[in-house]
Structures are given as C-alpha cells and as structure tokens.
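# Structural overview
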Amino acid sequence: MARVAPALAATRTAVRAELADLGPGDLVLVACSGGADSLALAAATAHESRRVGRSVRSRGYAVRAGAVVVDHGLQAGSDDVAAQAAARCRDLGLDPVVVRRVEVDAGAAVGLEAAAREARYAALDAVADATGAAAVLLGHTLDDQAESVLLGLARGSGARSLAGMPRRRGRYRRPFLGLRRAQTEAACTALGIGWWTDPTNLVPDAGPSAGGTVPAAPLRSRVRAAVVPVLEDVLGPGTVEALARTADLLRDDADLLDRLAADLLGRARTVAGDEVVLDVATLADAPAALRRRALRAAALEAGCPPAATTVRHVDALDALVVSWSGQGPVHLPGDARARRACGRLFLAPARAGRDRVPPASATTQE
Ligand SMILES: Nc1ncnc2c1ncn2[C@@H]1O[C@H](COP(=O)(O)OP(=O)(O)OP(=O)(O)O)[C@@H](O)[C@H]1O
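Being a predicted model, the structure only gives us computed values, none of them experimental.

## Thoughts on the overall build of the protein
Along the protein, the regular secondary structure elements total 12 helices and 11 strands. Burial statistics for the protein: of 366 residues in total, 36% are counted as buried. The contacts in the protein between residues at least 6 apart in sequence include a share of 67% that link residues at least 24 apart.

Right under this line is the structure:
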C-alpha cells in the first residue's frame, strides 16, 4: 500500500478523533472557505467519514459529511471563489454542500472583520439548524491560535482573550488546533488539491505603516505575514507552539475565573426585572479579577454587545463600585446605561426602565 504523506496522515488522525463521539447517521459539516486549512479539513473529513462507516458497517454505523461555504460578497469574484470551493468539496464526496451568500454590514461599529465573522457564524448556524447537523468543523490551526494570542496581547486583553479559541464550543469543533498551517498545505499538495489564497493575505505591508494610501489588510493577515516570521526568527523555532500553549494554560484559568465571577454575580444580584440590579457592597468585597468579570457579565446581560464592551467600559463600571464620588451614569454600548443609587448598581438595557422614577428610597444619590 502506498505510504500516506505524514501531513496527510496527521490531518486524518486529527479529524478521526473529532468524529469518534458522533452517533449513527449523524451529519458533520465542514465550514470551507476554499483555503488550504479548510480544504484539507474537507478532504480528511470525507476520508474519515467513509472509514468510520466501513469499519463498523456491521453495526449500521455511518457518519455523513457535508460542507458549508459562505460567500461574504466583499471582494469582486467572491461568488466564483465560493463556487469553486463548493465544487472541490463535492469532488471530495461531501454531501450536502451548501453555499450561502451573506450581507456584511461594511459600516458596522465593530469593524468589517468582526461583522464578516458574525455574518459567517449566523450562516453556519442557519445551515446546521436546517440540515440537523450534529457538528460543524472549522479549519483553525496552531498558527491561527498563536496569531489570536498575539492580537490579544497587543490589544491589552485579559486571560479570556489570550486563551484563544477552544477546541470545542457548542456544535463547533476545531480538529486542526494542534497542526501547523504548513501541514494542511502539505496535505492539500499530497492530494493534488489547489487552494484559494485570500489576496488580503498577500499584502503584508498594507496598513497603518503604508501611510494610509493603501487599503489596510486585515490585522490578522498582517500579523501572519509580518510579525510571526520575525518572532520565529528572533525567538527561535517553537515560538508558535509556545504561544498556542499559552492559550491552553490561560483557558483553564479563564474558565475558573468565569465560574467564580458568575457565582459572585449571582450573590450580588438583588432584584429581578428589566434592569440588572447589583449590591455594591458584595461586589466591593470581591477581588478585582472576579468583580470586573462579574461587571462585564452584568453589562452583557443588560444587552451590551460583547465585541463592543471594552476594558474602558468595565473600568467605568468598576469606578461606580470602588471609586464612588457621586459620578453620573455610565453610558454603555448598545444604548445601555448603569448608575449607582442607595448602595446598588442599576444596569438598564436600551431605554427600558430608564426614565422611570426610581422608588423614593432609591432616589438619593450616595
Ligand atoms: N467563507 C467561509 N465559508 C465557510 N467557512 C469559512 C469561511 N471563512 C472561514 N471559514 C471557516 O473558518 C476557519 C478559519 O477562518 P480563516 O479566515 O482563518 O480561514 P482562511 O484563512 O480564510 O481559510 P482556511 O482556514 O481554509 O485556510 C476556516 O478554516 C473555515 O473552517
């Protein structure tokens, strides 16, 4: 039997582990952009789904494998790219293969990349719901994970952001988080599969340093093309793996802190209703790491969009708790608002309950 290229074998082993817990007849969808990572994922999934079916056919077990291609409509010819990606998935034997065109709000406050991501996941969710898929596989690699850590560091983020992407969340699974991008490219090459390269990944110099004359490439593309190679050159091989390991370690820490913060939020909550109402003393007694997480979670509960709720907003909420000097309300993203009165924090969702006269006992500002 011909020897399978090591990279190809690695992609198949990684996918096999992700399919192991699926039940008879379950459908798994590959989210495929047409890039090397997701085409290698499509190929490995097609191969492994057949293999699973063959090895235990006597028990009537088979995993079905399909694909979803999202056309963001952001570049000329994006429909051709999507159609080609879909054709490659069909050639690999995936079925169904669904192409979804989405509208991305180019003027979104969260930025184009985040808006595209939001639209993409909404489309993936919709197709997964419509087809009853048990799992959706994403092609993120170790390199993507390392880039996420670097982007988080540069933003001045907390542990949750540095924790990068989890291997699984809900129906989403990332079998390739332990593989290098070079391996997915080698797997495609071994199979003779051509892949699409996003042109914005090819303009590493375009961005703030280009003097504003060239449209900026996505930040992640610039980190990928210009920052990671320098880090590997200066800090040595293994840097990308070390960054990804940082994400794994911090994810455990962030999970614990989030659990403890949720517990604090539960203890601080005093009244149910259209506002989130919290006891200031309970929050003030807690360590900053938990208090600030609880405040952010409360803001999200009050309807603040996660991507727009920044450290600055948490700082302002925290000041209402620990640096109180009678300051006015804090304006939050999503038109929510927070104010302190009578030893309580009131986080009001957009408009709701905002202009209502508070009970007499709560009108006195401390
Ligand atoms: N247009 C798309 N349609 C379907 N899935 C997508 C699309 N773009 C990204 N994804 C999914 O998200 C993963 C990570 O996205 P990212 O933007 O990093 O990928 P990419 O570099 O465009 O392509 P690839 O990961 O295939 O090389 C992809 O591997 C794929 O699973």
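Next comes the rest of the write-up.
## Examining the site of the ligand
Surrounding the ligand, one finds 17 residues, the nearest of these being Ser33, Gly35, Asp37, Ser38 and Gly139. Those elements giving two or more residues to the shell around the ligand turn out to be helix 2 (36-55) and strand 2 (64-71). When grouped by side-chain class, the residues that make up the shell around the ligand number 7 nonpolar, 6 polar and 4 charged.

## Focus on the environment of Ala247
Checked against the element boundaries, Ala247 lands in helix 9 (residues 239-268). The spatial distance from the C-alpha of Ala247 to the C-alpha of Asp80 is 36 Å, given a sequence separation of 167 residues. Those residues in contact with Ala247 that lie beyond four places of it in its chain are Gln145, Ser148, Val149, Leu162, Ala163 and Gly164.

## A few points about the domain arrangement of the protein
By domain assignment, the protein separates into domain 1 (6-235) and domain 2 (252-362). Listed by partner, the interface residues are 7 residues for domain 1 and 6 residues for domain 2. Of the residues that constitute the side of domain 1 that touches domain 2, the class distribution is 5 nonpolar, 1 polar and 1 charged.

## Focus: the sheet that holds strand 2
Spatial ordering of the open sheet is given by 3-2-1-4-6-5, a layout of 6 strands whose pairing is mixed. One side of each edge strand has no neighbouring strand; the edge strands of this open sheet are strand 3 (97-101) and strand 5 (168-169). Looking at chain direction, strand 1 (residues 27-31) and strand 2 are connected through 5 bridges and run parallel. Bridge assignment links Leu29 to a residue of strand 2, and that residue is Gly66. Here helix 4 (residues 112-131) sits on the sheet in contact with strand 1, strand 2, strand 3 and strand 4 (135-137), set at roughly 145° to strand 2.

## Side note on the pairing of strand 1
Burial of strand 1 is extensive: 4 of the 5 residues sit out of reach of the surface. Strand direction decides the pairing type here: strand 1 and strand 4, joined by 3 bridges, are parallel. Paired with Leu29 across the bridge in strand 4 is Val136.

## Things to note about helix 3 (residues 78-91)
Here helix 3 spans 20 Å end to end across 14 residues, near enough to the 20 Å set by a 1.5 Å rise per residue. Gly93 sits one or two positions beyond helix 3 and adopts a positive phi of about 100°.

## Brief notes about the UniProt feature "domain: tRNA(Ile)-lysidine synthase substrate-binding" (unreviewed entry) in the protein
As recorded in UniProt, the feature "domain: tRNA(Ile)-lysidine synthase substrate-binding" (unreviewed entry) lies at residues 278-346. Taken end to end, residues 278-346 comprises 46% helix and 20% strand; its first and last C-alpha atoms sit 7 Å apart.

## Section: the nonpolar core
Leu29, Val30, Ala42 and Ala67 are the most contacted members of the largest nonpolar core, which totals 61 residues. Tallying contributions element by element places helix 2 first for this core, with 8 residues. Aside from chain neighbours lying at most four places away, what touches Ala42 is Val30, Cys32, Ala67, Cys89, Leu92 and Leu94. Counting residues in each nonpolar core, the second largest holds 26 residues, with Leu265, Ala286, Leu295 and Val330 among its members.

Rules used in this analysis
Residues numbered from 1 in each chain as written. Predicted model: local features only at pLDDT ≥ 70, side-chain atom pairs only at ≥ 80, totals over all residues. Helix = DSSP H or I, 4+ residues; strand = E, 2+ residues; numbered from the N terminus. Buried ≥ 20, exposed ≤ 12 C-beta atoms within 10 Å, placed from the backbone. Contact = placed C-beta atoms within 7 Å. Near = placed C-beta within 6 Å. Nonpolar A, V, L, I, M, F, W, Y, C, P; charged D, E, K, R; others polar. Domains from an automatic or database assignment. Pairing = 2+ DSSP bridges. Axes fitted to C-alpha atoms, helices over the stretch in contact; angles between N-to-C directions. Expected span 1.5 Å × (residues − 1). UniProt positions renumbered as here; feature names shortened; annotations may be inferred. Core = buried A, V, L, I, M, F, W, Y, C linked by C-beta atoms within 7 Å.

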